[in-house]
Structures are given as C-alpha cells and as structure tokens.
Amino acid sequence: MPNIKLENVTKRWGRFYAVDHLDLEIPDNSFITLLGPSGCGKTTTLRMIAGLETPTEGRITIGDRVVFDSKAGINVPANKRKVGFLFQNYALWPNMTVYRNIAFGLHNIKEELPVCDFEAKTLADQIRALKNAGKILKMTGDCIDKKGNLDADKLHLKLMDGFTVSIYTARKLAALRLYEAQDPGKEAERKLAELEAALEERRHGYVRKGQKLGPDFAVLSDGQEHLRLRKLHPEELDLAVRRVARIVKIGMFMDRYPAELSGGQQQRVAIARTLAPGPEVLFMDEPLSNLDAKLRLEMRYELQRLHVETGSTFVYVTHNQMEAMTLATGICLLENGVLQQYEEPLQVYNRPANLFVADFVGNPSINLVEAKGNQETGGNFVLSFLEGQKAMFVPVSPLNMQDWLAQCRREAEEVSGRAGVFARDKKAVEKSNKDEVFRYHIPRVNEEDYGLREDCAVLDDDFVLGIRPEAIVLSGGVKAADPETVTVGPDTADVGREAVGHSPGITAEIYGAMPTGMESTIKLKVGEFLLTGVVFGSVTYRIGDSVRLDLTGTDILLYHRKSGKLVTAGTLQLA
C-alpha cells in the first residue's frame, strides 16, 4: 500500500485558512487519525487528499504518484486516485439489497484488465472443491432440516465461504446433488474426472492457438497478459463482493434491505461497499458517530481487525479522542488549521507538545496548575504553586533552561522572519483567523480563571504544571465493601503515605466524587483551586471529607507559560 505525503498544503476561502501550510507524511499500512476540535481543518485535510476538495496551494503525493501540485497544474480527480471514502452517513440505497449496495460501485469500473477465461476458472474451482467431497457432503447435511428438505440458500453460502468460490460455482456444486447418490464418493470421482477432462480440453484449445492460460486463468501470449478495456465479469464482481462480505461478517445478510438491518450492520455494509473496489487508501470521516456507545466500542475492534486484514492505509477523522487513542498508529492533532503534534498515541498522551494538546487529549482532562520558580545549579526546579505550596521538580533527563529559552527565542525569530517575508509578498493573503497562544483555564471553586489575560505580565520564570488525574494519589477513603462510611480524619490521613514514597502531601477536601465501579473520578478542593484525580478500585468518598494527596510518577509535565511549549517531564517532590 502507498504512503501519502503532503507538502505545504493550504486551503483557504478568502482570508480564512482552513488548513495552513500543512506538511504531513503518512506511512504505508498505517492507521492515522486526524484529531481536533470542530472547525480545526481535519475534514478539509481528508477531502483534499481524497480529491474531493482542491487545495489552494501545495503538493500531495500518494505512493509514487503526484495527485495534486499547484505549481505544476496537476489535479487528479477523486475517481482516479484509487481511494475509498466512508462517510458519517451510511448513504445506502434503501431500494437495493445488501448485495447490490456493495456491488454498486463495481458495476461502474471500466479499465484495462487482463483477458481471462472465467469458464475455465469455474471448472478449476469445482475441481478444487470436489477433491474434498466429504466436506461438501457435511455442508449439505447441515442444510437439511428434520423433514428432509434442503435449504439451498444456506448451502450456497456455506459452499462460498468454505471454498472461497462465487455464487455461480456454488450453484453448480449444489446442482451435482452428491448426497442423493447411492455411493457419493464414486459419484464425486466420476464428476471430478469429467470436469478435469473439460478443463484440460480448454487448456489445449489455447495451446493450439499459440497461447496458454496463466495461474489466474489470464490468457497469455509469449508469457504476456492480454489487456483489454472492459468492465468486471460477473464472476469477478461476485468474488469481490463475497470477499469483503466475509471480512466484515455480513455474508448472511446479502438478500436483505438496509431497513431490515441494525445500525451496526448497516455500517458494516457501508464499509464493505468501500472496500469492494480494492482501494489503496481508505478515508473515514467520523464513521462511528451515529452509533450508540456499546456498538461504537465493538466497531472500533472491527476497524482494528479490518486494518490488519486488508493491509490498507487508513486515514480516520474524529473529534473523539478515545477513538483516536485506541485505533491509531499515529495521531495528527490540528487546531485552527495548524499541525500541533504528530506522533504515536501514547507519546501524544504522555508528552503533549504544548498546552493545547495537553488540555485536549485525556479524559478526564489534565490538571493545569500555574507555578513560579527557577532552575537550580543541579538542574532541578524549585517551584511555588497552589497558593504557596513548595515543590522540587526533577527533570527525567538533563536540561539547561537558559539553552532551552535561547532555542525558543530563535524559533520565535524564525517564525517572525517568515511572517515578514509573507507580509512583503504581494500575492500573500493575510490570515483572518490568526493563531494565538492557547488560553488554558484554571478551575476554581467560584470562577473559571483563564491564563494569559491581557493585563497579566508573563515572565520566563512563569510555568504551568500539567498533572494527569492518575498521577494524583489520595491517602484515605473508605472501601465500598465497608458496612459504614467513616470520615477521614488525622489518623487515617496518613494511610498509604509510606507506599507513595513522598514527603507530606497536600491537604485537600473532597469537592465531588463519581464512582463507576472500576474507578472513581474525584474533584479535589485545594484552597480555591479544583483538581481532578482518578482512584482505581472500589473506594468511596464523602463530599466534604479531608484527604491528603501526593503527586507520583515521572510524567508530571512542565510548560513554559509564555510560549505554551513543553519544557520537559519529570517528578514533583512536595515540600
């Protein structure tokens, strides 16, 4: 399967930039999700790669083929890009059966294809099946009811799946009626001999013309296939439909109409229809958003399996971060048409490149806490946060903050320089939806305080700590199995302190608790600030209880408040 490369791709309407100078490379056989809030440019990006939208400028390559180049004037239409598109709406024809819905696009294919002898192929498929006559007899026996009646449709389906043959071959095999013979084994041998003789005669016919049949029954002359502009033969079309039906497990629904199927089954039909022409790349635009929560989870597993079985490159648009995290081999996170981060899901989660990514990825959301401090000679940071709480931040790897700031300034100057060149370009169009540093919010008890207010002077010693809910460990609480709820007091506040391995924690008050069985999401009040924690296991908390919290792990994130960029990750040792 091909890789996909976008170079400096831009799409704008007037002064509004939907996608802003995007550079992106999608490896072959990967599952990439385009993730971001509504209006960030992910669907526009998908449509430009597929050929449904024309970029304003840039270059798009699929495999070794340039499908769009604004400078060279290349723009290959969507139906020539060999891609499949799966929309949020199933768009199934209500007056067509499942089979006809899947086959609909195949009827329109007309291209140079090898000249094949499909009668010889049918003979070969029958011979292959008859060599295992016992299997045919067993399948037939499974399709005979208590009254001795044969369910022909059920037998056809079993033969197609069991021997990977078309409906036409399955009907011929069923018509042999081996089960009615006095000696089914001898009858199978007799039929087998007849079919082998007929196939051999057809092969000799081509030899007499100076030709021969290839392994896939293509007609060869001097070892070369004959090509002809033609549509798909009914045998080819049926095999393609049955192949994708087996992949998505809807073979038994072929004669039904969409209205007779559940939402998940309809989605499978839509997927099968997209896969039937054998696209090199499969694009999906929020295909699961119309399904209920349980079915959505099941379909995620199906899409994972589908990706492995087809070996295709998948590009998937979603604003649901859970889908992105669970399905993707790589996440491309966009905001305001600009690429924010493009890495593997766990890397995006554990090391968000900036405050926007940190805030967007994760459920429950990350805790963003403003801090002030400086780096000591040894490389650690002495910080003050949460209204005077002191802590030592220890980076996971050596870091010189002055060097980091210098690099940050150089990058800012480069961006400013490019903006200057852009401004002097007479053909350039100024972006109306200007990019801004993300304004994170700080949850408080009585208000929502947004960072980077216009009247707020931000210096290089201003930081933002990113603390995932699972990094907060609480001391105290009551197991769900306990018969009575016990208020956490001075004696129980230190429970588990040794296990955590930290100095005295922070005193907090339970502001809210949402147990779900496997885990509980806890809202904690520290002074006027609110933090979110996740407690695993059956533990209950009462609103108003006093607990102690510690911050654990090596994934505490330190952000430069002014630029919003990630400085480093590390551990936080409370004073």
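Bear in mind that the values here come from a model prediction, so they are computed numbers and not experimental data. The numbers attached to residues start from 1 for each chain and follow its sequence in the written order. Local features in this predicted model are restricted to residues of pLDDT 70 or higher, and side-chain atom pairs are both shown and tallied only at a pLDDT of 80 or more, whereas totals for entire chains, interfaces and linings draw on every residue. Hydrogen atoms and water are omitted, and side-chain values are computed over all heavy atoms in the structure.

### Topic: the overall build of the protein
This is how it is decided: To qualify as a helix, a DSSP run of H or I must reach at least 4 residues; to qualify as a strand, a run of E must reach at least 2; elements of each kind are numbered from the N terminus. Here the globule rule is a power law, 2.2 Å times the number of residues to the power 0.38, and the radius of gyration is based on C-alpha atoms. Burial status follows relative accessibility: with a 1.4 Å probe on protein chains alone, a residue under 20% of its type maximum counts as buried, one over 50% as exposed, and anything between as partly exposed. Contacts: residue pairs with any heavy atoms within 4.5 Å of one another. Residue exposure ignores everything except the shown protein chains as possible cover, and the areas themselves are Shrake-Rupley values with a 1.4 Å probe. Charged residues are defined here as Lys and Arg on the positive side and Asp and Glu on the negative side; His and the ends of the chain fall outside this count. Where a charge lies is defined by one atom per residue type: Lys uses NZ, Arg uses CZ, Asp uses CG and Glu uses CD.
In terms of helices and strands, the protein carries 15 helices and 31 strands. Here the C-alpha radius of gyration of the protein, 32 Å, is well above what a compact globule of 575 residues would show, namely 25 Å. Taking the principal axes of the C-alpha coordinates as reference, the protein spans close to 95 × 75 × 45 Å. Across the 575 residues in the protein, those meeting the buried criterion constitute 46%. A sequence separation of at least 24 residues applies to 67% of the contacts in the protein between residues at least 6 apart. Summed over its atoms, the accessible surface of the protein is roughly 29,000 Å², and 51% of this surface lies on carbon and sulfur atoms. In the protein, 72 positive and 78 negative side-chain charges are present, and the distance between their average locations comes to 7 Å.

### What to know about a negative patch on the surface
Defined as follows: Nonpolar side chains (Val, Leu, Ile, Met, Phe, Trp, Tyr) are joined into patches within 5 Å and like charges within 9 Å, using only residues with over 30% relative accessible area and no salt bridge. In what follows, salt bridge is the name for a side-chain nitrogen of Lys or Arg lying within 4 Å of a carboxyl oxygen of Asp or Glu.
A contiguous patch of negative charge, built from Asp145, Asp151, Asp153 and Asp255, is present on the exposed surface. Structurally, Asp145 is set in the loop between helix H4 (133-142) and helix H5 (152-163).

### Remarks on empty space enclosed by the protein
Our working definition: For each structure, a 1 Å grid was placed over the protein atoms alone; sets of points admitting a 1.4 Å probe that cannot get out are labelled cavities, open sets with protein on both sides within 12 Å along at least five of seven lines are labelled pockets, and lining residues have an atom within 4 Å of a point. Grid points are joined across faces, edges and corners, and a volume is the space filled by probe spheres set on the points. Residue type decides the class: Asp, Glu, Lys and Arg count as charged, Ala, Val, Leu, Ile, Met, Phe, Trp, Tyr, Cys and Pro as nonpolar, and the leftover types, Gly among them, as polar.
On inspection of all chains with the given rule, the structure shows 3 cavities of 30 Å³ or more. Reported here for the largest cavity is a volume of approximately 60 Å³. Taken together, Ile136, Leu137, Thr140, Leu155, Leu159, Leu173, Ala174, Arg177, Leu178 and Tyr179 form the lining of the largest cavity. Taken together, the elements giving at least two residues each to the lining of the largest cavity come down to H4, H5 and helix H6 (167-175). Per-element accounting of the lining of the largest cavity gives the leading share, 3 residues, to H4. Along the lines of polarity and charge, the residues of the lining of the largest cavity split into 8 nonpolar, 1 polar and 1 charged. If you add up the space inside the second largest cavity, you get close to 40 Å³. Taken together, Val248, Arg268, Ile271, Met299, Glu302, Leu303, Arg305 and Leu306 make up the lining of the second largest cavity. Among the elements that make up the lining of the second largest cavity, the one with the highest residue count is helix H10 (residues 293-310) (5 residues).

### With respect to the environment of Gly39
Among the secondary structure elements, Gly39 is positioned in the loop between strand E3 (31-35) and helix H1 (42-50). With relative accessibility at 68%, the residue Gly39 sits in the exposed group. For Gly39 and Asn336, which are 297 residues apart along the polypeptide, the C-alpha to C-alpha distance reads 7.2 Å.

### Considerations on the pattern of salt bridges
Using the criterion set out here, one finds 26 salt bridges in the structure. A salt bridge links Arg246 to Asp161; the nearest nitrogen and oxygen atoms lie 3.4 Å apart. One end of the pair, Arg246, is in helix H8 (residues 234-248); the other, Asp161, is in helix H5, with 85 residues separating them in the sequence. Residue Arg246 is classed as partly exposed on the basis of its relative accessible area of 27%.

### So, the sheet that holds strand E29 (residues 546-551)
Where we set the bar: One bridge is not enough; two strands pair if DSSP finds at least two bridges between them. Axis definition: a line fitted to C-alpha atoms, over the contacting stretch in the case of helices. Angles run 0 to 180 degrees between N-to-C directions.
The antiparallel open sheet is built from 5 strands, whose spatial order is E23-E29-E25-E26-E27. With one partner strand each, in any of the chains shown, strand E23 (472-475) and strand E27 (529-536) form the two edges of the open sheet. Across the sheet, the mean angle from the axis of one strand to that of its neighbour is 45°, orientation sign disregarded. Taken together, the 4 bridges between E23 and E29 define a ladder with antiparallel strand orientation. Among the inter-strand pairings, Ile472 is bridged to a residue of E29, identified as Leu551.

### Focus on H6
At 3.6 residues per turn, the α-helix brings residues three or four places apart onto the same side. Counted only if it meets this: Taking the helix axis as origin, the arc is that swept by the directions to the C-beta atoms.
Of the residues making up H6, those classed as buried are Ile167, Thr169, Ala170, Leu173 and Ala174. Looking straight down H6, one finds its buried side chains confined to an arc of 160°; they lie on one side. The secondary structure elements touched by the buried residues of H6 are helix H3 (118-130), H4, H5 and H8. Trailing H6 by a residue or two, Arg177 shows a phi angle of about 50°, which is positive.

### Details of unusual backbone geometry
The linkage connecting Asn363 with the following residue, Pro364, adopts the cis geometry, with an omega of 5°. Along the polypeptide, Pro364 turns up in the loop between helix H13 (355-360) and strand E17 (367-375).

### Observations concerning the environment of Gly84
Structurally, Gly84 is set in strand E7 (residues 83-86). Residue classification places Gly84 among the buried residues on the basis of a relative accessible area of 5%. For the pair Gly84 and Thr521, spaced 437 residues apart in sequence, the C-alpha to C-alpha distance is 40 Å.

### Some remarks on the packing of aromatic side chains
Cut-off, in case you're wondering: To pair, rings of Phe, Tyr and Trp, with the six-membered ring standing in for Trp, must have centres within 6.5 Å; the planes then decide the type, stacked if under 30 degrees apart, edge-to-face if over 60, and tilted in the middle.
Applying the stated criterion across every chain, the model contains 9 aromatic pairs. Centre to centre, the rings of Phe85 and Phe283 are 6.1 Å apart; their planes meet at 45°, and the pair counts as tilted. Here the residue Phe85 occupies a position in strand E7, and Phe283 occupies one in strand E13 (residues 281-285), the gap between them amounting to 198 residues. Each member of the pair, Phe85 as well as Phe283, is classed as buried.

### Focus: H10
Rule in force here: One less than the number of residues in a helix, times 1.5 Å, gives the span that helix is expected to have.
A rise of 1.5 Å per residue sets the reference length of H10, with its 18 residues, at 26 Å; its end C-alpha atoms lie 26 Å apart and thus fit the reference within 8%. Among all positions in H10, only Leu295, Met299, Arg300, Glu302, Leu303, Leu306 and His307 are buried. Among the structural elements, E3, H8, helix H9 (263-275), E13, strand E14 (313-318) and helix H11 (321-327) are those in contact with the buried residues of H10. Just past H10, the residue Gly311 takes up positive phi, approximately 70°.

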